[in-house]
Each structure stands twice: as structure tokens, then as C-alpha cells.
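# Notes for the structure review
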Amino acid sequence: MAAAKKVEQVEQAPKKFKITSPIKGYVGIGAGGVQFAYGQAVVNEGWVCDWYREKGYTVEEIGEEVAEEVEVKGE
């Protein structure tokens, strides 16, 4: 009998996206509970990115370092 190989699953962090509101400087809560500050929000990948893109928001994939910078700027 062949020994079963243990397969390790490596969990990848979800991709981050910066959403920019068409309303410059918008502050408030958008769809899906997304908090906007200074017209921007940071979200993980998923349906919410598609929803905002369809509604005319700018959606850009960003790196972890940029995500932290945008979140700090919004505080």
C-alpha cells in the first residue's frame, strides 16, 4: 500500500481593492457596509468589487502596503 501524502493547503490572503467614489470626498457607509473616507474605501476581493464597478465607482487592485496607507489616510 502506498502511503498517503499529506497535502498542505496554504491559505492566501484575499486580494485588496481600493474603491474610489464618483462623489469626490464622500464620507459614509456604502453598499455592503463599506466605510468610505475622503472618497475612498479598501475592501477584500469578492462580489462587492463587482457591485461597485457596475455602479460607476473606480475599483483598483492594490498591494497590502497601499491598503494600509489608504486606511490610515481615512482615519
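On a predicted model such as this, the values are computed, not experimentally measured, just so you know.

The number of helices and strands found in the chain is two helices and five strands. Per-residue burial over the chain gives 28% buried out of 75 residues. For the chain, the proportion of contacts with a sequence separation of at least 24, taken over those separated by at least 6, is 54%. For the chain, the accessible area works out to roughly 5900 Å², and carbon and sulfur atoms hold 50% of it.

Our next topic: the pattern of salt bridges. The final tally for this structure, using the stated rule, is two salt bridges. Salt-bridge contacts for Lys-18 lead to Glu-60; the nearest nitrogen and oxygen are separated by 3.7 Å. Linking Lys-18 in strand β1 (residues 16-20) with Glu-60 in strand β5 (residues 58-62), this pair joins segments that are 42 residues apart in sequence. The class of Lys-18 is buried, set by a relative accessible area of 17%. The exposure class of Glu-60 is partly exposed, given its relative accessible area of 35%.

Another point: the nonpolar core. The biggest cluster of nonpolar side chains holds 10 residues, and these are Phe-17, Ile-19, Val-34, Phe-36, Ala-41, Val-43, Val-48, Cys-49, Tyr-52 and Val-59. For this core, the secondary-structure elements that each account for two or more residues are β1, β4 (40-44) and α1 (47-54). For this core, the leading source of residues is α1, giving three residues. Setting aside its immediate chain neighbours within four residues, Cys-49 contacts Phe-17, Val-43, Asn-44 and Val-59.

Mapped onto the elements, Val-34 comes out in the loop between β2 (28-29) and β3 (35-36). Between the alpha carbons of Val-34 and Val-48 there is a distance of 8.8 Å; along the sequence they are 14 residues apart. Excluding residues within four positions of it along the chain, Val-34 makes contact with Gly-28, Ile-29, Ala-41, Val-43, Val-48 and Tyr-52.

Here we take up the packing of aromatic side chains. Under the counting rule described, the total for this entry stands at five aromatic pairs. Seen in terms of ring centroids, Trp-51 and Tyr-52 are 5.0 Å apart; in terms of plane orientation they differ by 85 degrees. Their pairing is edge-to-face. These aromatic residues form a ring-pair network of at least three members: Tyr-26, Phe-36, Trp-51, Tyr-52 and Tyr-57.

Once that is clear, we can look at α1. Along α1, the residues classified as buried are Val-48, Cys-49 and Tyr-52. The arc that holds the buried residues of α1, viewed along the axis, is 105 degrees, so those residues lie on one side. Exposed side of α1, more than 90 degrees from the buried face: Trp-47 and Glu-54 are the residues found there.

About the criteria used
- Residues numbered from 1 in each chain as written.
- Predicted model: local features only at pLDDT ≥ 70, side-chain atom pairs only at ≥ 80, totals over all residues.
- Heavy atoms only, no water.
- Helix = DSSP H or I, 4+ residues; strand = E, 2+ residues; numbered from the N terminus.
- Buried < 20%, exposed > 50% of the residue type's maximum accessible area, 1.4 Å probe, protein only.
- Contact = heavy atoms within 4.5 Å.
- Areas by Shrake-Rupley, 256 points an atom, 1.4 Å probe, with all protein chains shown as cover.
- Salt bridge = Lys/Arg side-chain N within 4 Å of Asp/Glu carboxyl O.
- Core = buried A, V, L, I, M, F, W, Y, C linked by side-chain atoms within 4.5 Å.
- Phe/Tyr/Trp six-rings, centres within 6.5 Å; stacked < 30°, edge-to-face > 60°.
- Arc of directions from axis to C-beta.

Functional significance is not addressed by these values, which are geometric in nature.
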